[in-house]
Amino acid sequence: MYETKYHRASSTDEAVKLIGGADDGKFLGGGQTLIPTMKQRLAAPSDLIDVTRIEAMNGVTVDGGTVTIGATTTHAEVAGNGDLAKACGAVCDLAGHIGDPAVRAMGTIGGSIANNDPAADYPAAVLALGAQIMTTKRTIAADDFFAGMFETALEEDEIITAVTFTAPAKAGYAKFPNPASRYAMAGVFVAQAGDGSVRVAVTGAGSDGVFRHEGMEAALAGDWSAAAASGQDVDAGGMLEDIHAPADYRANLVKVMAGRAVEKAG
Amino acid sequence: MATVSMTVNGKEVSADVEDRTLLVHYLRENLHLTGTHVGCDTSQCGACVVHVDGKAVKSCTMLAAQAAGSDVTTIEGLANGGDLHPVQAAFKENHGLQCGFCTPGMIMTAVDMINRHGGKNLDEATIRAELEGNLCRCTGYHNIVRSIEAAAKAMG
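Residues numbered from 1 in each chain as written. Chains lettered and ligands numbered in written order. Predicted model: local features only at pLDDT ≥ 70, side-chain atom pairs only at ≥ 80, totals over all residues. Heavy atoms only, no water.

Draft legend 1. Highlighting the overall build of chain A. Each helix and strand counted, chain A has 11 helices and 12 strands in total. Taken over C-alpha atoms, the radius of gyration comes to 18 Å for chain A, in line with the 18 Å a tight globule of 266 residues would show. Projected onto the principal axes, the alpha-carbon positions of chain A cover approximately 55 × 45 × 30 Å. Relative to its full complement of 266 residues, chain A shows a buried share of 54%. In chain A, 56% of the contacts between residues at least 6 apart in sequence involve partners at least 24 apart. (Helix = DSSP H or I, 4+ residues; strand = E, 2+ residues; numbered from the N terminus. Rg over C-alpha atoms; globule rule 2.2 N^0.38 Å. Buried < 20%, exposed > 50% of the residue type's maximum accessible area, 1.4 Å probe, protein only. Contact = heavy atoms within 4.5 Å.)

Dropping the structure here:
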């Protein structure tokens, strides 16, 4: 790891001030991606501004049908939250299958979506639930937030403070993890809103990061069944291709995972 | 350089280290607590698992500075004098190790999973799922799982 300076912020104002004074600073969440990346010298921020001790950014609240998850809430905290399990158990299920238990004790929802790894799980949930991403500057709709592989709408000095969404009537997430890395080779989150509209988001498979599948959304709105979801065409042209899976294999995985996600949603 | 202080195995400790120092290196090189191992260095193997404020984490994937002010427990902090912790005793009794390299991380992970689930609720499937972040290249996990089952039973 190259040299860096560590700062611990106690408020968002302090964190923004610290990054403003840094040459090439980065906000540090749980560090489960950033620290390994720095160890490999693939990232070399001059300063790390740890935002995990900012109390206002932590915790899950369920108020009527509105769910708000603070950005520094760990995957383990999300997975084990009883109120959230009742409001949208699919998010608990998703969080409980990220990485491994030690990673889940540290990793945060804010860090995951700010990084927008094309194989991360949370972007699928955030996009399929039509969540709002609250930051120190504004509120960004999920549809406007994810901007391709490892890219988001965030500005350099903008911090995600929370993610909020309306609890869906039904939701489910299914992924096919890479047997070695356990990252999603295809992960599909399906959500049916109270008004019957459906959103489907796919992670792990798309060559441009997380994306919605409108064909599946339309099919599921008319017929909420695994067969309706997995019967849709998935264009292999837009899929990632690597030593683990060719594009057509990933396209097929998307269909299979979509069907399983609907089955899990019930 | 900065002075990083924390509580390790019940003792207040302090060391001047570079900000980029990983917690595992702080423990091994500054405190000479070499029971915590560096296996893969890529956050996958779990040989470096310690408890920070009661949670099992990978000490190779955390800066020492992130743990400043925290309460850290390493494998050296489990036994009570000459009396092994029930999980350590169970690994010994059930031959839960071969070369022993992964064992500190396995035991720290096992203690954490028994604490979270309660000894009575830990079945084999849960233990195997919970061991996702700990790799063993000798035993094929069978006796590790048996050890954790025995320890969970003993701890109730």
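Draft legend 2. Representation of the sheet that holds strand S1 (residues 5-8) of chain A. Residue and element names in this part refer to chain A. Read across the sheet, three strands follow the order S1-S3-S2 without closing on themselves; strand pairing throughout is parallel. This sheet does not close on itself; its edge strands, each paired only once, are S1 and strand S2 (25-28). Shown here is a sheet whose adjacent strand axes are inclined to one another by a mean of 25°, direction ignored. Across the sheet, helix H1 (residues 12-20) touches S1, S2 and strand S3 (47-50), and the angle it forms with S2 is around 150°. (Pairing = 2+ DSSP bridges. Axes fitted to C-alpha atoms, helices over the stretch in contact; angles between N-to-C directions.)

Draft legend 3. View of the layout of surface pockets. There is about 620 Å³ of room inside the second largest pocket. Forming the walls of the second largest pocket are 29 residues, and the residues nearest its centre are Gly96(A), His97(A), Pro101(A), Arg104(A) and Glu130(B). Put simply, the parts of the chain that give the lining of the second largest pocket at least two residues each are helix H3 (75-79), helix H4 (82-95), helix H5 (101-106) and strand S9 (170-177) of chain A together with strand S4 (55-58), helix H3 (103-117) and helix H4 (124-130) of chain B. Examining the composition of the lining of the second largest pocket, we find that four residues originate from one element, S9(A), more than from any other. (1 Å grid on protein atoms, 1.4 Å probe; cavity = no way out; pocket = protein on both sides within 12 Å on 5 of 7 lines; lining within 4 Å. Points joined across faces, edges and corners; volume = space filled by probe spheres on them.)

Draft legend 4. Examining the domain arrangement of chain A more closely. Partitioning chain A into structural domains gives domain 1 (5-50), domain 2 (55-166) and domain 3 (170-265). Domain 1 of chain A and domain 3 of chain A are separated by 33 Å when their C-alpha centres are compared. (Domains from an automatic or database assignment.)

Draft legend 5. Representation of the domain arrangement of chain B in the model. Residue and element names in this part refer to chain B. Per the domain assignment, the segments making up chain B are domain 1 (2-77) and domain 2 (86-155). Relative placement of domain 1 and domain 2: their C-alpha centres are 21 Å apart. Of the residues lining the interface, 17 residues belong to domain 1; the matching set on domain 2 comes to 13 residues. Between domain 1 and domain 2 we count zero salt bridges in total. Linking domain 1 with domain 2 are six residue pairs in polar contact (both at pLDDT 80 or more), by the criterion used here. (Salt bridge = Lys/Arg side-chain N within 4 Å of Asp/Glu carboxyl O. Polar contact = N/O pair within 3.5 Å; in protein donor to acceptor, adjacent residues only side chain to side chain.)

Draft legend 6. Representation of the pattern of salt bridges in the model. Residues and elements named next belong to chain A. Inspection of the entire model under this criterion finds 18 salt bridges over all chains. Two residues, Lys264 and Asp93, come together in a salt bridge whose shortest N-O distance is 2.9 Å. With Lys264 in helix H11 (residues 247-265) and Asp93 in helix H4, the pair connects residues that are 171 residues apart, well separated along the chain. Residue class for Asp93 comes out partly exposed when judged on its relative accessible area of 22%. Between Lys137 and Asp157 there is a salt bridge, and its shortest N-O distance comes to 2.8 Å. Of this pair, Lys137 sits in the loop between strand S6 (132-135) and strand S7 (139-141) while Asp157 sits in the loop between helix H8 (142-145) and strand S8 (160-166), and the two are 20 residues apart along the sequence. Taking relative accessible area as the criterion, Lys137 reaches 42% and is therefore assigned partly exposed. Connected via shared salt-bridge partners are Asp143, Arg199, Arg212 and Glu217.

Draft legend 7. Broad picture of the interface of chain B and chain A. Between chain B and chain A, the residue contacts involve 24 residues of the former and 26 residues of the latter. Overall, the association of chain B and chain A removes approximately 2,000 Å² of surface from exposure, summing both partners, and the carbon and sulfur fraction of that is 55%. Inspection of the chain B/chain A interface yields three salt bridges. Put simply, Lys39(A) and Asp41(B) hold a salt bridge, and the shortest N to O gap is 3.3 Å. Put simply, chain B and chain A have 11 residue pairs in polar contact (both at pLDDT 80 or more) between them. Of all the elements, S4(B) adds the most residues to the side of chain B that touches chain A, at four residues. The residue makeup of the side of chain B that touches chain A, split by class, is nine nonpolar, six polar and nine charged. (Buried area = accessible area lost by both parts, 1.4 Å probe. Nonpolar A, V, L, I, M, F, W, Y, C, P; charged D, E, K, R; others polar.)

Draft legend 8. Quick peek at the sheet that holds strand S10 (residues 184-192) of chain A. All names here are of chain A. Ordered in space as S9-S10-S11-S12, the four strands form an open sheet in which the pairing is antiparallel. Unpaired on one side and paired on the other, S9 and strand S12 (211-212) mark the two borders of the sheet. In terms of strand pairing, strand S11 (residues 198-203) meets S12 through two bridges, oriented antiparallel. Considered in S12, the bridge of Ala201 is made with Arg212. Contacts from helix H9 (residues 214-222) reach S10, S11 and S12 within the one sheet, and its direction differs from that of S11 by about 145°.

Draft legend 9. Region of the structure containing the packing of helix H2 (residues 86-93) of chain B against helix H5 (residues 142-155) of chain B. Residues and elements named next belong to chain B. At their nearest, the axes of H2 and H5 sit 8 Å apart, and the two run at 135° to each other. Relative to H5, H2 is oriented oblique. Remark: the crossing between H2 and H5 carries right-handed chirality. Note on element contacts: H5 touches H2 through Ile144, Ser147, Ile148, Ala150, Ala151 and Met155, opposite Pro86, Val87, Ala90 and Phe91. Of the residues in the contact of H2 with H5, the class split is nine nonpolar, one polar and no charged. (Parallel < 35°, antiparallel > 145°, perpendicular 65-115°, else oblique. Left-handed = near helix turned anticlockwise from the far one by under 90°.)

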